[in-house]
Structures are given as structure tokens and as C-alpha cells.
Amino acid sequence: MLAFADLVFYMFAAMLLGSAMGVIFAKNPMHCVLLLILTFFNAAGLFILLGAEFIGLLLVMVYVGAIAVMFLFVLMTIDIDFAVLKEGFASYLPSGLIVGAVLMAELVIAGQAGLFSGARISTLTAMPAPDGVENIRALGQVLFTHYLFPFQVAALILLVAMIGAIVLTHRRREGVRRQNVMAQIARTREDSLSIVKVKPGQGI
């Protein structure tokens, strides 16, 4: 008899494989993105079952919450010609099959070599988590102690990349009114308010 955890694993694995095949063979790009979101959710479920809850939650927050939503936004804002998409499918099919066969052969060789077994993975683990410590807490302790400097350098690189992307894409256009924060802060009561005494029966 299979345990409940085994049944949940097979359910997530079957849904993962089915949704991944749907991403490949679906003709509508919107359906592909929706099936990709389902694939990410099932992969996150498998990571949580394996005890890597941080990677599972990260997969949902980053890939589902950001990347997949960005794909949906791009697909909804562009005009897709499905006839043009189908034109080059036959010409790229042989090369795609060759690449897929090579990847499958590599996975089979790696599996026969024992790279996916638990014993081999435990020998490759450089810094195992102590007993009684959650996966997220152990990862945080490693990042902010042994790898604090590389972690901060990576954060600075991402910050510079974000600022560079904003600078490269920012364009000034003529005839567009822009907000002047300093002028708003320096505005006084005399600049914005005027008291006028109007005599009875007369207009302003």
C-alpha cells in the first residue's frame, strides 16, 4: 500500500508532467502561460514535499507572482498573429528533437551514475543543516554569516542593474507637464492664496 505522502507526490508529479507537456503542445500562447503557472505550482509542491520549503515558496513568489504575470501582461498588450507563429514550426522541429534527445540522454546517464540518489547528494552537501533547524532558518544563517559579503555584492549588482534599466529607458518628451517637487515644497501662503474684498452688488 502506498502512503499518503507517496500519493501526493505522484499527484504533483503527474500534474507537473501533464502541464509541462501542455505548455509545449498548446497552440494558444495564453493557454501556454496558464499551463506554465500550473507547472510552477506543482513544482513548488514537490519542493515542499522534499523539505525544501524555501525553494518552493520562492518558486511561487518569483516565478508565478512576477515572471508568469509579466508573460501574461506582455501577451495581452501585443497583437499576436498565430499564422506567423505556425509558419516556422516545421523547420525548427528536427533541431528541437535533437536537443530534446541530447537532454534526455544526459538525464539517463546522470541517473545511472547515481547523481539523483540520496546518498550521493548527501556526500556532495558542503554544509548540512543541523538537526531541529528549519530549512529557511538554516539558509538564512548561512547567507548572513558565511556568505554575507557575496550576498551584499549580489544585492548591489541588482540595484545597479535596476537603476541602469530605468536610466536607459527613461526619455524626456516635450510638451509634457512634470511635477516639480522643490517648487511645491517652497510654495508659500502668499503664492497660493489671495484675499479679495468684494463690495456688495459688485462682481470680482
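Residues numbered from 1 in each chain as written. Predicted model: local features only at pLDDT ≥ 70, side-chain atom pairs only at ≥ 80, totals over all residues. Heavy atoms only, no water.

**A closer look at the overall build of the protein chain**
- Assigned secondary structure in the protein chain consists of 10 helices and zero strands.
- Sequence separation of at least 24 residues holds for 49% of the intrachain contacts in the protein chain that already meet a minimum separation of 6.
- For the protein chain, the computed accessible surface area is about 17000 Å², with 71% contributed by carbon and sulfur atoms. (Helix = DSSP H or I, 4+ residues; strand = E, 2+ residues; numbered from the N terminus. Contact = heavy atoms within 4.5 Å. Areas by Shrake-Rupley, 256 points an atom, 1.4 Å probe, with all protein chains shown as cover.)

**Focus: a nonpolar patch on the surface**
- Residues Ile-48, Leu-57, Leu-58, Met-61, Val-62, Tyr-63 and Ile-136 make up a contiguous nonpolar surface patch of about 600 Å² in total accessible area.
- Here the element with the most residues in the nonpolar patch is helix α3 (residues 53–77); it accounts for five residues.
- With respect to the element layout, Tyr-63 can be found in helix α3.
- The exposure class of Tyr-63 is partly exposed, given its relative accessible area of 37%. (Patch = residues over 30% accessible without salt bridge, like charges linked within 9 Å, V, L, I, M, F, W, Y side chains within 5 Å. Salt bridge = Lys/Arg side-chain N within 4 Å of Asp/Glu carboxyl O. Buried < 20%, exposed > 50% of the residue type's maximum accessible area, 1.4 Å probe, protein only.)

**Points about the nonpolar core**
- Counting residues in each nonpolar core, the largest one holds seven residues, listed as Val-33, Ile-37, Phe-40, Val-64, Ala-68, Leu-72 and Leu-75.
- If you list the elements that add at least two residues to this core, you get α2 (29–49) and α3.
- By residue number, the principal contributor to this core is α3, which donates four residues. (Core = buried A, V, L, I, M, F, W, Y, C linked by side-chain atoms within 4.5 Å.)

**Describing the packing of aromatic side chains**
- Scanning the entire structure with this criterion turns up three aromatic pairs.
- Measuring from ring centre to ring centre gives 5.2 Å for Phe-40 and Tyr-63, while their planes differ by 55°; the resulting arrangement is tilted. Placement of Phe-40 in helix α2 and of Tyr-63 in helix α3 is noted, with a sequence separation of 23 residues between them.
- Judged by its relative accessible area of 15%, Phe-40 is buried.
- Judged by centre distance (5.1 Å) and plane angle (70°), the rings of Phe-144 and Phe-151 are edge-to-face. (Phe/Tyr/Trp six-rings, centres within 6.5 Å; stacked < 30°, edge-to-face > 60°.)

**Thoughts on the confidence of the model for the protein chain**
- Predicted confidence across the protein chain gives a mean pLDDT of 77, with 79% of residues reaching 70 or more.
- Within the protein chain, no element has a lower average pLDDT than helix α6 (residues 118–124), which sits at 43, and none a higher one than helix α8 (residues 148–169), at 91.
- Counted against residues more than four places away or in other chains, residues 118–127, with its pLDDT under 50, gives seven contacts. (pLDDT = per-residue confidence, 0-100.)

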